[in-house]
Amino acid sequence: MQTQGLRRLRAYRVATCVVALAAALRCAAGTVEVSVGDERGAPLANVAVYATPVAPVAAKRSAVKHTAVMDQQHNEFVPHVLMVSTGTEVQFPNSDNVSHHVYSFSQAKTFELGLYKGNVYPPVTFDQPGVVVLGCNIHDSMLGYIVVVPSDYYAMSDARGGVRLEGLPPGDYTVEVWTPRARPMGLPAAQRVTVADGVTKVDARITGRLAPEPGHDHG
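Colleague: What is the right way to look at the overall build of the protein in this model?
Modeller: Along its length, the protein carries one helix and 17 strands. For the protein, the proportion of its 219 residues judged to be buried stands at 37%. For the protein, contacts bridging at least 24 residues in sequence account for 62% of all contacts bridging at least 6.

Right under this line is the structure:
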């Protein structure tokens, strides 16, 4: 009886340690806060920001299938800039009363959806990182962008130019930003940061003249 009691006690202690270790691993995650602004320090909204793990071990991706939607409303792509991780399936519904013909010749993804209304095509899988430029063969003024990143840690900057990326496992990351409003030489170089249990702050400045925010007066 005493031996059985000791075995149960040991089993209980082992189980307790496993639970505590799992909880510690869940808590061992960091946060990256990025402040995006122009060369004068004014905040910039709607800028794509993402953190990519440097070490292959840290780059383990979620097995959950990601989906997203790039709609077409009032002869515009909505949203104007869509961020997705590699492997994401994107739907391209046409919510307008007129037909659209969506295409992309970008290296990261080349595809074409012939003239249509509604939601008639299966989703398109974006399996290569890069910027995909979207157009419409019928309406030349329509432009949209899909930023495909090899990471699960990404977001668009808010009205204050802020981005908060949470749940990053400890390790080294590169933080990058992108916007169609800037020229390539105006985008800041990728910044390497070390993430630990806590908050890591990053300041990103986009230089040079910026194109205006997209309007809503397309014909």
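Colleague: I tried to follow the environment of V54 on my own but got confused; where do I start?
Modeller: Structurally, V54 can be placed in the loop between strand 2 (48-53) and strand 3 (67-69). Remark: the alpha-carbon pair of V54 and D172, spanning 118 residues in sequence, is separated by 5.6 Å.

Colleague: Could you clarify how one ought to interpret the sheet that holds strand 10 (residues 124-126) in this entry?
Modeller: Adjacent strands of a sheet pair through backbone hydrogen bonds, lying either parallel or antiparallel. Spatially, the three strands line up as an open sheet ordered 3-7-10, and their pairing is mixed. Two strands in the sheet have a free side with no partner beyond their single neighbour: strand 3 and strand 10. With direction set aside, neighbouring strand axes in the sheet form an average angle of 35°. Pairing of strand 3 with strand 7 (residues 88-91) involves three bridges; the strand directions are parallel. Residue T67 lies in a different strand from strand 7, and its bridge partner there is E89.

Colleague: Sorry, what's going on with the pattern of salt bridges here?
Modeller: It is possible for side chains bearing opposite charge to pair when their charged atoms get close. This structure, assessed with the given rule, holds seven salt bridges. Its salt-bridge partner being E33, residue R164 comes within 2.2 Å of it at the nearest N-O pair. With R164 in strand 14 (residues 162-168) and E33 in strand 1 (residues 30-38), the pair connects residues that are 131 residues apart, well separated along the chain. The exposure class of R164 is partly exposed, given its relative accessible area of 45%. With a relative accessible area of 22%, E33 lands in the partly exposed category. Taking the shortest distance from any N to any O, the salt bridge between R181 and E213 comes out at 3.4 Å. Within this pair, whereas R181 is found in the loop between strand 15 (171-178) and strand 16 (191-195), its partner E213 is found in the segment after strand 17 (199-206), the two being separated by 32 residues in sequence. Look at E213 and you get partly exposed, because its relative accessible area is 40%.

Conventions we followed
Residue positions are counted from 1 within each chain, in the order its sequence is given. With the structure being a predicted model, the display of local features is reserved for residues of pLDDT at least 70 and the display and counting of side-chain atom pairs for 80 or more, all residues being used for whole-chain, interface and lining totals. Side-chain measures were taken over the full set of non-hydrogen atoms in the model, leaving aside hydrogen atoms and water. Numbering of helices and strands runs from the N terminus; a helix is a DSSP stretch of H or I covering at least four residues, while a strand is a stretch of E covering at least two. Remark: exposure states derive from per-residue accessible area (1.4 Å probe, protein chains only) relative to the maximum for the residue type, with buried under 20%, exposed over 50%, and partly exposed in between. Whether two residues are in contact is decided by their heavy atoms: any pair within 4.5 Å suffices. The rule for pairing is simple: two strands pair if DSSP sees at least two bridges between them. Note on method: axes are straight lines fitted to C-alpha atoms, helices fitted across the in-contact stretch only, with angles between N-to-C directions ranging 0 to 180 degrees. What counts as a salt bridge is simple: a side-chain nitrogen of Lys or Arg found within 4 Å of a carboxyl oxygen of Asp or Glu.

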